[in-house]
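Structural overview
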Amino acid sequence: MKIYDLRSDTITLQTPQMREAMYHAEVGDDVYGEDKTVNTLEAMARELSGKEDSVFVSSGCMGNLLSLMIYGGRGNEVLCSKESHIIQHEIGAVSAIANTIPITVDSVNGIIDETTLENYIRPYSYDMGKSAMIEVENTTSGLIYPLEKMQKIKAIAEKHNMKVHLDGARIFNAVVETGIPLSTWAKCADDVTFCLSKGLGCPVGSMLCGDKEFIHLARRYRKMLGGGMRQIGYLAAAGIYALNNHVERLKEDHDNCKLIKEAIESTSWARVLTYGTNILFFTSDNYDINKIVKKFNADGLLVLSECGACRVVTNIGISKQDAEEIANYIKAFDPESINE
């Protein structure tokens, strides 16, 4: 039975070309700044983001946490969407480790309503937490944050002497889909992360970009978190290869996701909830979506059940032919089979 893995874009395996680049990487001790391949990757991240400096971190979670530790901190508040990754998928590190208080604000599918944002910003009082930063996530479950919204959020933050952190785990999906370069998105934030894994297909790693003082502190706190890594040029080489070869390729994932979305829309038993770039969520009004997910998985179409919906994520492991075969499977799917 052929397996189509649509659970996430984190499950991707490295291409032979990326593995070859990793094999030939020139490495050194990164803690001493002697890994030339890491230095090259960090220079690329600086150029792409338009920020003064950057640092390689083990994951997007670590990048988010470092920003929260530096711009948030003990007793201060971060304004964010209740759907944000730092709330839903980072095991409470925002408060447990960064000691920052998360304040969830009005949002729709993870996109903040900037017109109500100032209602959540506290005036100074010695007995209340300080509103220190705003966190935005682009893309958020595949949905692209409108640039105009991000610009307005940044203006509000500057008005109130607050910082903006951009969780850009999948920012290159937004870059490819809109044609807006990373540096333009990054101007709407004081710092930005982006993942080298996920759609870019690396085995591990993210980049954190900001001004020189911020990255100096990030390196220190990275060490505190156990992220002072040594010969990581092998991982950095994968990142360099990905940035040179896998960014524009993301459009294939978007096209494949659209093909699957159209197949779902053609059925009488399923309804698309949200869709953007390489991620879609759908449900069923008349059938148990959890049973549908279980049947899909049994048939070799690996998907996830999440909050009463089925999550589908296209990735480098799904070809156009795969997407067409998945679409045909969905069109022919008999929802009554879940009761057999």
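Whatever comes next refers back to the structure up there.
The present account deals with the structure reproduced in this document. Starting afresh in each chain, residues are numbered from 1 along the sequence in its written order. For a predicted model such as this one, the threshold for reporting local features is a pLDDT of at least 70, and the threshold for listing and counting side-chain atom pairs is 80 or more; totals across whole chains, interfaces and linings nevertheless cover every residue. Side-chain numbers come from the whole structure's heavy atoms, not from hydrogens or water.

Let us now look at the overall build of the protein chain. Segments assigned H or I by DSSP are reported as helices when at least four residues long, segments assigned E as strands when at least two residues long, and all are numbered from the N terminus. A count of helices and strands for the protein chain gives 13 helices and 15 strands. Across its three principal axes, the protein chain shows a C-alpha extent of roughly 60 × 55 × 35 Å. When each of the 340 residues of the protein chain is scored for burial, the buried share is 55%. Working definition of accessibility: Shrake-Rupley area with a 1.4 Å probe, residue cover restricted to the visible protein chains. On the protein chain, roughly 15200 Å² of surface is accessible, and the fraction owed to carbon and sulfur atoms is 49%. Only four residue types enter the charge count: Lys and Arg as positive, Asp and Glu as negative, with His and the chain ends excluded. In this description, the location of a charge corresponds to atom NZ of lysine, CZ of arginine, CG of aspartate or CD of glutamate. Charged side chains of the protein chain number 35 positive and 46 negative; the gap between the two group centres comes to 2 Å. For every residue, the accessible area obtained with a 1.4 Å probe (protein chains only) is divided by the maximum for its type, and the residue is called buried under 20%, exposed over 50%, and partly exposed between those limits.

As a further point, take the sheet that holds strand S8 (residues 163–167). One open sheet accounts for seven strands, arranged S2-S10-S9-S8-S7-S3-S4; its pairing is mixed. At either end of the open sheet lies a strand with only one pairing partner, and these are strand S2 (53–57) and strand S4 (101–105). Taken over all neighbouring pairs, the strand axes of this sheet differ in orientation by 20° on average, direction set aside. By definition, two strands form a pair when at least two bridges between them are found by DSSP. Bridging between S2 and strand S10 (residues 206–210) involves five bridges; their strand directions are antiparallel. Bridge pairing in S10 links Val 57 to Ser 206. Residue contacts are defined here by distance: any two heavy atoms, one from each residue, within 4.5 Å place the two residues in contact. Lines fitted to C-alpha atoms define the axes here, with helix axes fitted over just the stretch in contact, and angles between the N-to-C directions of these axes take values from 0 to 180 degrees. Contacts from helix H9 (residues 212–224) reach S2, strand S9 (191–195) and S10 within the one sheet, and its direction differs from that of S2 by about 20°.

All right, on to the pattern of salt bridges then. We define a salt bridge as a side-chain nitrogen of Lys or Arg found within 4 Å of a carboxyl oxygen belonging to Asp or Glu. According to the stated counting rule, one finds 21 salt bridges in the structure shown. For the salt bridge of Asp 322 with Lys 2, the shortest nitrogen-to-oxygen distance reads 2.7 Å. With Asp 322 in helix H13 (residues 320–332) and Lys 2 in the segment before strand S1 (4–5), the pair connects residues that are 320 residues apart, well separated along the chain. Accessibility expressed as a relative area gives 9% for Asp 322, which makes it buried. You can call Lys 2 partly exposed: its relative accessible area is 44%.

The next subject is the side chain of Ser 8. Following the sequence through the fold, Ser 8 ends up in the loop between S1 and helix H1 (16–23). Among the polar contacts listed, one links the side chain of Ser 8 to the backbone nitrogen of Thr 10, at a separation of 3.1 Å. Dropping the residues within four chain positions of it, Ser 8 is found in contact with Arg 170, Arg 311, Val 313 and Asn 315. By the criterion applied in these results, polar contacts are pairs of N or O atoms within 3.5 Å in which, for protein atoms, one can donate a hydrogen and the other can accept it, and in which residues neighboring in sequence qualify only through two side-chain atoms.

Turning our attention to the layout of surface pockets. Buriedness of a pocket was judged along seven lines, with at least five required to meet protein on both sides within 12 Å; pockets are open sets of points on a 1 Å grid over the protein atoms alone, cavities are sets where a 1.4 Å probe fits but cannot get out, and lining residues have an atom within 4 Å of a point. Grid points are joined across faces, edges and corners, and a volume is the space filled by probe spheres set on the points. The computed volume of the largest pocket comes to approximately 670 Å³. Lining the largest pocket are 22 residues; nearest its centre among them are Glu 83, His 89, Ser 141, Phe 281 and Glu 306. Elements with a contribution of two residues or more to the lining of the largest pocket: helix H4 (85–88), strand S11 (271–276), strand S12 (279–283) and strand S15 (309–313).

Residue Thr 139 is bonded to the preceding Asn 138 through a cis peptide linkage, with omega at 0°. Mapped onto the fold, Thr 139 is located in the loop between strand S7 (130–137) and helix H6 (147–159). One non-glycine residue, Lys 198, lies in the positive phi region at around 55°. Mapped onto the elements, Lys 198 comes out in the loop between S9 and S10. Its relative accessible area of 15% is what places Lys 198 among the buried residues.

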